[in-house]
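Notes for the structure review
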Amino acid sequence: MTILSGRKIKKIYGKKAMAQEVLKGIDLKVDEGEFVGIMGPSGSGKTTLLNVLASIDKATEGVIEISGHNLRTMKEKELSNFRREQLGFIFQDYNLLDTLTVKENILLPLSISKIPKRDAEQRFQEITRTLDIHEHANKYPNEISGGQKQRTSAARALISNPTIVFADEPTGALDSKSATALLSNLEKINKDKRVTIMMVTHDAAAASFCSRVLFLKDGQLYTELYKGEKNRKQFFQEIINTQGVLGGDGYDA
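What you see is a predicted model; the values in this text were computed from it and never measured. (Residues numbered from 1 in each chain as written. Predicted model: local features only at pLDDT ≥ 70, side-chain atom pairs only at ≥ 80, totals over all residues. Heavy atoms only, no water.)

**Observations concerning the pattern of salt bridges**
- Under the counting rule described, the total for this entry stands at 11 salt bridges.
- Here K191 makes a salt bridge to E187, at a shortest N to O gap of 3.6 Å. Of the two residues, K191 and E187 are both situated in helix α6 (residues 176-193); the distance of four residues between them amounts to about one turn of the helix.
- Between K188 and D192 there is a salt bridge, with its nearest N and O atoms 2.8 Å apart. Pair noted here: K188 and D192 are both in helix α6, with a separation of four residues, about one helical turn.
- K188 sits in the partly exposed class, given a relative accessible area of 47%.
- Overlapping salt bridges bring together E34, R212 and E224 as one network. (Salt bridge = Lys/Arg side-chain N within 4 Å of Asp/Glu carboxyl O. Helix = DSSP H or I, 4+ residues; strand = E, 2+ residues; numbered from the N terminus. Buried < 20%, exposed > 50% of the residue type's maximum accessible area, 1.4 Å probe, protein only.)

Written out as structure tokens, the structure reads:
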């Protein structure tokens, strides 16, 4: 079943002579349970695409639908409620509140919902054990490592059982060990819980955890790769080869 679809998505910044067309009519579909990576050289439009799909930014033209809801026709209050109830977000810089404990940060999306306290606690216990951060529940962000902060961010994104999770360079600030741990957890949740994930990354190793990778070039969809029956090492090499064709030197460091 298609969870997200985009048709003729365009994003233009500026007006008239100063206009810059960052997205140039992108079409895509994401099915329930997919783990989709978005890659491309610096300036290709990958973060812009994620932002308009996630309703963080508005497309200039085109149609974006998530679970049959047209984001471009929704009023701001309706869109805000939809974003809170249906979407999860994981950012590179964690976006945790320093004055709240790990547990309080994770439960924050449920604080204004009507979910019974017992159910919220059950969800908290399940997601924190899956992500191996349950022992840090009462610590504050400045008392845990970067990897633990990002797993806290992931738990916060997942606790509301969103339709789709958007991740923008979630491993960008992590060392390789912490990055692998986070991605392994996301891959497991994706497979076991059928959680749909879209992730922007410049890292081929991170992208190799995905089931499909979209490659952008100059604001357009250049090609896509499916993992299929390939193992991570084989898929990693295929991603590296495609990056080379696109122009590896242009990728973000």
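**Here's the deal with the sheet that holds strand β7 (residues 164-168)**
- Ordered by their spatial adjacency, six strands build an open sheet running β6-β7-β8-β3-β9-β10, and the pairing between neighbours is mixed. Two strands bound the open sheet, and with one partner strand each, they are β6 (87-91) and β10 (220-226). The average undirected angle you get between the axes of adjacent strands in this sheet is 20°.
- As judged from the six bridges shared by strand β9 (residues 212-217) and β10, these two strands associate in the antiparallel manner. By the bridge assignment, V213 is partnered in β10 with L225.
- Most of the contacts of helix α2 (residues 76-86) go to β6, to which it runs at about 75°, and overall it touches β6 and β7. (Pairing = 2+ DSSP bridges. Axes fitted to C-alpha atoms, helices over the stretch in contact; angles between N-to-C directions. Contact = heavy atoms within 4.5 Å.)

**Side note on the side chain of E34**
- The residue E34 is located in the loop between β2 (20-31) and β3 (35-39) in this model.
- When its relative accessible area of 12% is taken as the criterion, E34 is described as buried.
- Here R212 takes part through its side chain, which lies 2.8 Å from a polar atom of the side chain of E34.
- Each residue touching E34, except ones within four places of it in the same chain, is listed here: K29, N190, V195, T196, I197, S211 and R212. (Polar contact = N/O pair within 3.5 Å; in protein donor to acceptor, adjacent residues only side chain to side chain.)

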